[in-house]
Structures are given as structure tokens and as C-alpha cells.
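Residue strings, one per chain:
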Amino acid sequence: MVTVRAPATSANLGSGFDVFGAALSRPADVVTVERADRTTIEVTGVGAQYIPEDPDGNTVGAVVEALDAPAHIHIDKGVRPASGLGSSAASAAGAAVALNRLYDRGYSREELVPIAAEGEAVVSGVAHSDNVAPSLLGGFTITTTDGTHSVDARVPLVVCLPDVAVSTRDARRVVPETASMDDLVETVGNAATLAVGMCRSDPTLVGAGMSDPVVTPERARLITGYDAVHDAALAAGATGVTVSGAGPAVVAACRERDRQAIAAAMLDAFADADIDARAYQTRIGEGATVLEE
């Protein structure tokens, strides 16, 4: 038996659509696997009632198949489904690490990224790695067709999750198919600024690099109260604010001393829009961790 804690993640970070990702110190899924002749899945925790336990419909089923590692799998969800915090990716990453260890497959964490991404395809229809990469590797990650690079950044964050759902499929449908040259130049500049900020663990640069004129404005329209929450976070001291992944979670970069005030301001802004929400005072953290074996 092997038990792994796999963290929530924030993908895109505004300017890094389908490329950037960051592991969060909290929340997280806990995945336990035990050898078996055939695969069975049990899901408990937040939003468990919405997650299929049939291996063909669960993100970890594809991971089991890729690793040829049948098991009894228990997923204790700490990352709510349809949150924009890499819920399916956390389960896939946790299962990949646990099954790799249980069956001694010998894959490195980097080699597990495309395997865990196959699980993502079950949920979103596309095997994207921008969530599974940071959940596996930790820190800030840059994922391209050539592979993944990670930086062990130290940046405080606040993530505010409203009690509404935005599906990844719906959020992808609103992504513009074209962009102006001015918008592309602005986005590239912001992405470069954010990457430098991560390398320096500088929340001011990270926040300045989150702005994105192409994808984020379209996805923000799917989140009731987003503009007010965005402005409230900045007024409370956030260095930058954007949609986390496909949403509806909203992520703010900040200094350590400002996290509590920012969390309260974001919650109040959602409340003013008659939306219940939960705030996580978190930071960029480590990747999947083996808890027991």
C-alpha cells in the first residue's frame, strides 16, 4: 500500500495560457493505492458525489492503464471538482506517483507528467500538462511540447474559490481563436516578467506579469463578481490577480503580510455579489509527497 498527497495547482497564471502552472501548499488530494487483480476506485471528500468511480470515467483510470498497474484506489478529495485548482490533475498525479512506487515502474517525476496528463484527457478532452506538471514536480512550472521545466519559487498566494462551477470544457470554448499583435506583444512581455519574478521569488514581478488581455477577460465573464473581487484584492495589497486555470477560483499574488487582508477582501466582494466562497491563504509549494508505504 502506498499513500500520496498531491497538491492543488493554479494553471495559466494569466499570461501563461496552457504553459504556466504552480503547485499550491494547500488544498490537496490524498490518494492511497493497494495491489489488486482489477482496478476499483473509491472517492470520498469534497465533491465526491460528482466524481465517477468507474475507472473508465475517472482521471486515475487512464493512469492505471498507462502504467499497467491495477489497484484498489482510494481518493480523498481535498480539491473541489470544477474549481480551477487542478482537481482532476491532483488525483491523476497522486495516482501516478503512488502506482509508480507500488509497482516499482522506475519512472522519474518528469516522465510521469505525460502519463498523468492522459488522465486529464478523461475530464477535459485534451491531455494538457499545465496542472499535472506542478502537482508532480512542485514549484512553478513551464510546460511545452519539448517538456517541462520547474523552479522552486517562494511566493505567497491567496486563492478564493466561489461556490459556483465552471467546467473546463466551457472555459475552453470562450478562448478567442485570434489575437491582435499588440495583445500578443503585451502577453509575451507579461509572461516573461512573471517567469523572472518566479525565478527571483519576487511577488511584485509575479503579480505584474499576471495581466493577460486575451484569455482572462473572456473567462472572467463566466465568474459572477469577478471584477469586484479583482479590484478588492488589489486594494487590499495584492500585486496581481487573475483567474486560476479555467476558474471559478481567483488567485492573487501578494506579500506574506497582506495575505489575511486580501483573503478577507475577496470573500467580502463575493459576498456582496451573493456568492458564498472560501479563501485559502496559501503559497507556491512542493509537489506530490509519499506519506506512507
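The structure we're discussing is the one just above.
Residues numbered from 1 in each chain as written. Predicted model: local features only at pLDDT ≥ 70, side-chain atom pairs only at ≥ 80, totals over all residues. Heavy atoms only, no water.

### Things to note about the packing of aromatic side chains
Each pair of aromatic rings is reported with the distance of its centres and the angle of its planes.
So, step 1. Throughout the structure, instances matching the rule amount to 1 aromatic pair.
So, step 2. The interplanar angle of 65° and the centroid separation of 5.0 Å between the aromatic rings of Phe-20 and Phe-140 together place this pair among those described as edge-to-face. Residue Phe-20 is found in strand 2 (residues 20–35), and its partner Phe-140 is found in strand 5 (residues 140–144); the two are separated by 120 residues along the sequence. We note that Phe-20, like Phe-140, is buried.
So, step 3. One Lys or Arg, Arg-35, reaches over the ring of Tyr-103 and ends 4.2 Å from the middle of that ring. (Phe/Tyr/Trp six-rings, centres within 6.5 Å; stacked < 30°, edge-to-face > 60°. Helix = DSSP H or I, 4+ residues; strand = E, 2+ residues; numbered from the N terminus. Buried < 20%, exposed > 50% of the residue type's maximum accessible area, 1.4 Å probe, protein only. Lys NZ or Arg CZ within 6 Å of the ring centre and 35° of its normal.)

### Re the environment of Asp-272
So, step 1. If you trace the backbone, Asp-272 turns up in helix 10 (residues 259–272).
So, step 2. Under the relative-accessibility criterion, Asp-272 is labelled exposed at 68%.

### Examining the packing of helix 9 (residues 226–235) against helix 10
How two helices sit against one another is set out by the angle between their axes and by the gap between those axes.
So, step 1. Where helix 9 meets helix 10, the axes come as close as 8 Å, and the angle between the chain directions of the two elements is 155°. In this view, helix 9 runs roughly antiparallel relative to helix 10, as classed from their interaxial angle. Crossing handedness for the pair helix 9 and helix 10: right-handed. Facing Ala-228, Val-229, Ala-232 and Ala-233 of helix 9, the residues of helix 10 in contact are Ile-262, Ala-265, Met-266, Ala-269 and Phe-270.
So, step 2. Class assignment for the residues of the contact of helix 9 with helix 10 results in 9 nonpolar, no polar and no charged. (Axes fitted to C-alpha atoms, helices over the stretch in contact; angles between N-to-C directions. Parallel < 35°, antiparallel > 145°, perpendicular 65-115°, else oblique. Left-handed = near helix turned anticlockwise from the far one by under 90°. Contact = heavy atoms within 4.5 Å. Nonpolar A, V, L, I, M, F, W, Y, C, P; charged D, E, K, R; others polar.)

### Focus on helix 10
Since the α-helix turns once every 3.6 residues, residues separated by three or four places project in the same direction.
So, step 1. Over its 14 residues, helix 10 runs 20 Å from end to end, which matches the ideal 20 Å to within 8%, given 1.5 Å per residue.
So, step 2. Buried within helix 10 are the following residues: Arg-259, Ile-262, Ala-263, Ala-265, Met-266, Ala-269 and Phe-270. Considered in projection along helix 10, the buried side chains sweep an arc of 165° and stay on one side of the axis. Facing away from the buried side of helix 10 by more than 90 degrees, the exposed set consists of Gln-260 and Asp-272.
So, step 3. Next to the buried residues of helix 10 lie strand 7 (156–162), helix 9, strand 9 (250–253) and strand 10 (277–283). (Expected span 1.5 Å × (residues − 1). Arc of directions from axis to C-beta.)

### As for the side chain of Ser-91
So, step 1. Turning to its location among the elements, Ser-91 is positioned in helix 2 (residues 87–102).
So, step 2. Look at Ser-91 and you get buried, because its relative accessible area is 3%.
So, step 3. Look past the residues within four positions of Ser-91 in its chain and what remains in contact with it is Asp-29, Val-31, Thr-59, Val-60, Ile-75 and Lys-77.

### Focus on the layout of surface pockets
So, step 1. By volume, the largest pocket amounts to about 680 Å³.
So, step 2. Surrounding the largest pocket, 35 residues form its lining, Ala-82, Ser-88, Glu-120, Val-123 and Thr-168 being those nearest its centre.
So, step 3. Of all the secondary-structure elements, those providing two or more residues to the lining of the largest pocket are strand 4 (71–77), helix 2, helix 3 (109–124) and helix 5 (168–173).
So, step 4. Residues of the lining of the largest pocket, tallied by class, amount to 11 nonpolar, 17 polar and 7 charged.
So, step 5. Here the second largest pocket defines a volume of roughly 240 Å³.
So, step 6. Around the second largest pocket, the lining comprises 13 residues; the ones closest to its centre are Ser-129, Thr-143, Thr-144, Gly-147 and Thr-148.
So, step 7. Among the elements of the structure, helix 3, strand 5 and strand 6 (147–151) are those that each provide at least two residues to the lining of the second largest pocket.
So, step 8. Top contributing element to the lining of the second largest pocket by residue count: helix 3, with 3 residues.
So, step 9. Residue composition of the lining of the second largest pocket, grouped by class: 3 nonpolar, 7 polar and 3 charged. (1 Å grid on protein atoms, 1.4 Å probe; cavity = no way out; pocket = protein on both sides within 12 Å on 5 of 7 lines; lining within 4 Å. Points joined across faces, edges and corners; volume = space filled by probe spheres on them.)

### Focus: helix 6 (residues 181–200)
So, step 1. Taking 1.5 Å of rise per residue, the 20 residues of helix 6 would be expected to cover 28 Å, and the 29 Å separating its terminal C-alpha atoms lies within 8% of that figure.
So, step 2. Along helix 6, the residues that are buried comprise Thr-187, Asn-190, Ala-191, Leu-194, Ala-195, Gly-197 and Met-198. For helix 6, the angular spread of buried residues about the axis comes to 160°, placing them on one side. What points out from helix 6, more than 90 degrees from its buried face, is the exposed set Met-181, Asp-182, Val-185, Val-188, Cys-199 and Arg-200.

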